[in-house]
Amino acid sequence: MFGLTAIPALKAQSASAPMNDTSSLKVMVEARGIVKVLGDAPNQVKVLKGVDLDLNAGELTLMMGPSGSGKTTLLSILGCILSPTEGQLTVAGHPTQGMSKEGLADLRRRHVGFVFQGYNLVPTLTAVENVMLALDLRDINGPEAHDMAAEALEQVGLAHRIKASPSKMSGGEKQRVAIARSLAGSPSVILADEPTAALDGTNGRAVMELLAQVAQDTNRAVLAVTHDHRTLEFADRIVRIDDGRIASSERPKIDGTSVPSEPTAH
Ligand SMILES: Nc1ncnc2c1ncn2[C@@H]1O[C@H](COP(=O)(O)OP(=O)(O)O)[C@@H](O)[C@H]1O
Ligand SMILES: [Mg+2]
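Because the structure is predicted, anything quoted here is derived from the model rather than measured.

## Focus on the site of ligand 1
- The environment of ligand 1 is formed by Leu38, Gly39, Val45, Val47, Gly65, Ser67, Gly68, Ser69, Gly70, Lys71, Thr72 and Thr73.
- For the shell around ligand 1, the secondary-structure elements that each account for two or more residues are β2 (45-56) and α2 (71-78).
- Ranked by residues supplied to the shell around ligand 1, first place goes to α2 with 3 residues.

Pasting the structure below:
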């Protein structure tokens with residue numbers, strides 16, 4: 001376990017974040033009318049049916065919805081892994097319409113960090129080397145990369161584990177390395193797809209707490225898909241998706257709406 005005090009640098013940045021006014025927050029991701037058709041004719045499926053979504057810097061948005069409702073597809077589009085069939089997407093102020101594949105990949109490298117359910121660490125590399133890989137993609141290497149990677153690991157409470165290999169780490173530690181990796185290049189947006197799904201309750205909670213801390217940086221938006229209603233208390237915003245459409249969006253800390261207590265179907 002690690003507490004909120006594990007990452008003082010992030011805490012300090014949060015001091016200027018407005019607590020109850022979202023109008024002054026920077027929109028880091030703006031999606032409008034996103035439609036995504038997947039599969040080949042005649043078996044094409046309209047997976048997303050017109051999604052409008054803004055992700056604000058300084059906020060943790062949690063996304064919930066049944067399996068197959070389009071959450072991973074939407075995350076892939078917001079993170080410039082997939083292109084939408086229709087609709088507009090702006091990431092960190094850059095409209096993506098008409099961008100080449102290389103342009104999209106560059107935007108993704110510079111502005112987006114991903115966290116996955118299965119951690120996606122390279123088993124033969126140490127924690128610090130795994131984080132350095134993400135920096136290498138941004139052409140940062142050598143001692144500078146090592147220092148930045150070590151700092152990112154310190155931010156997630158793993159300063160003492162930088163030389164550990166993933167096989168020697170718990171699931172919670174591995175996911176914290178993955179979060180450090182996503183943080184290392186100071187991205188404008190972090191997208192986490194069911195980051196706590198493989199963790200027990202205590203580690204899942206700790207990872208969600210960490211993502212909430214990471215989201216307090218006023219230059220960064222964080223979106224996490226979750227099925228775990230116990231993590232909803234960390235959310236600035238809860239978005240529900242159903243059958244390719246946004247079904248609801250709540251801001252429990254501002255609206256005073258109650259955090260839903262029922263488990264959501266997988
Ligand atoms: N390559 C594909 N071709 C056709 N259908 C797909 C493809 N990938 C995903 N789907 C379908 O799209 C829907 C949404 O998938 P996904 O975004 O993974 O949902 P979620 O993450 O909410 O479980 C599912 O019905 C899935 O079967
Ligand atoms: Mg999914």
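## A few points about the packing of helix α6 (residues 171-183) against helix α7 (residues 201-214)
- As a packed pair, α6 and α7 sit with axes 9 Å apart at the nearest point and diverge in direction by 15°. Taken together, α6 and α7 sit at an angle that is classed as roughly parallel. Viewed along their axes, α6 and α7 form a crossing whose handedness is right-handed. Only Asn203, Ala206, Val207, Leu210, Leu211 and Val214 of α7 make contact with α6, whose side of the interface consists of Gly171, Gly172, Gln175, Arg176, Ile179 and Leu183.
- By residue class, the composition of the contact of α6 with α7 is 7 nonpolar, 4 polar and 1 charged.

## Some words on unusual backbone geometry
- The omega torsion of the bond from Ala41 to Pro42 falls at 5°, within 30 degrees of zero and hence cis.
- Along the chain, Pro42 falls in the loop between β1 (27-38) and β2.
- Positive phi is not limited to glycine here, since Glu194 has a value of about 50°.
- Within the element layout of this structure, Glu194 appears in the loop between β7 (189-193) and α7.

## Structural notes on the environment of Gly93
- Mapped onto the elements, Gly93 comes out in the loop between β4 (86-91) and β5 (94-95).
- Overall, the presence of 11 C-beta atoms within 10 Å leaves Gly93 in the exposed class.
- Residues Gly93 and Val27, spaced 66 residues apart in sequence, show a C-alpha to C-alpha distance of 8.2 Å.

## Re the sheet that holds β1
- The strand order across the open sheet built from 4 strands is β2-β1-β4-β5, with neighbouring strands paired in antiparallel fashion. Only two strands of the sheet have a single partner each, and these edge strands are β2 and β5.
- Two elements, β4 and β5, share 2 bridges in a ladder whose sense is antiparallel. Counterpart to Thr90 in the pairing with β5 is Pro95.
- The strands touched by α2 within the sheet are β1, β2 and β4, with β1 carrying the most contacts at an inclination of about 125°.

## Here's the deal with the sheet that holds strand β10 (residues 245-250)
- With mixed pairing, the 6 strands of this open sheet are ordered in space as β6-β7-β8-β3-β9-β10. Pairing within the sheet leaves two strands with one partner each, and these edge strands are β6 (112-116) and β10. Pairwise comparison of adjacent strand axes, ignoring direction, gives a mean angle of 20° for this sheet.
- By the bridge criterion, 4 bridges tie strand β3 (residues 60-64) to strand β8 (residues 221-225) in an arrangement that is parallel. Among the inter-strand pairings, Leu62 is bridged to a residue of β8, identified as Ala224.
- Contacts between α6 and the sheet are confined to β6 and β7, with β6 contributing the most and set at about 170° to the helix.
- The sheet contacts of α7 involve β3, β7 and β8, and relative to β8 the element is tilted by about 155°.

The rules behind each value
- Residue positions are given per chain, counting from 1 as you read along its sequence in written order.
- Chain labels run from A onward and ligand labels from 1 onward, assigned in the order the entries are written.
- Thresholds applied to this predicted model are a pLDDT of at least 70 for local features of residues and 80 or more for the giving and counting of side-chain atom pairs; totals over whole chains, interfaces and linings are not thresholded and use all residues.
- The C-beta atom of each residue is placed using the backbone, and any residue whose C-beta lies within 6 Å of a molecule or strand is treated as near it.
- To qualify as a helix, a DSSP run of H or I must reach at least 4 residues; to qualify as a strand, a run of E must reach at least 2; elements of each kind are numbered from the N terminus.
- Note on method: axes are straight lines fitted to C-alpha atoms, helices fitted across the in-contact stretch only, with angles between N-to-C directions ranging 0 to 180 degrees.
- Roughly parallel refers to an angle under 35 degrees, roughly antiparallel to one over 145, roughly perpendicular to one between 65 and 115, and oblique to any angle outside these ranges.
- Helix crossings are classified by the rotation of the near helix relative to the far one: an anticlockwise turn of less than a right angle makes the crossing left-handed, while a clockwise turn makes it right-handed.
- Once C-beta atoms have been placed from the backbone, residue pairs whose C-beta atoms lie within 7 Å are recorded as contacts.
- Here the term charged refers only to Asp, Glu, Lys and Arg, the term nonpolar to Ala, Val, Leu, Ile, Met, Phe, Trp, Tyr, Cys and Pro, and the term polar to all other amino acids, Gly among them.
- Backbone-placed C-beta atoms define the burial measure: a residue is buried with 20 or more other C-beta atoms within 10 Å of its own, exposed with 12 or fewer, and partly exposed in between.
- Strand pairing requires that DSSP identify at least two bridges connecting the strands.

Any functional reading would require information beyond the geometric quantities listed.
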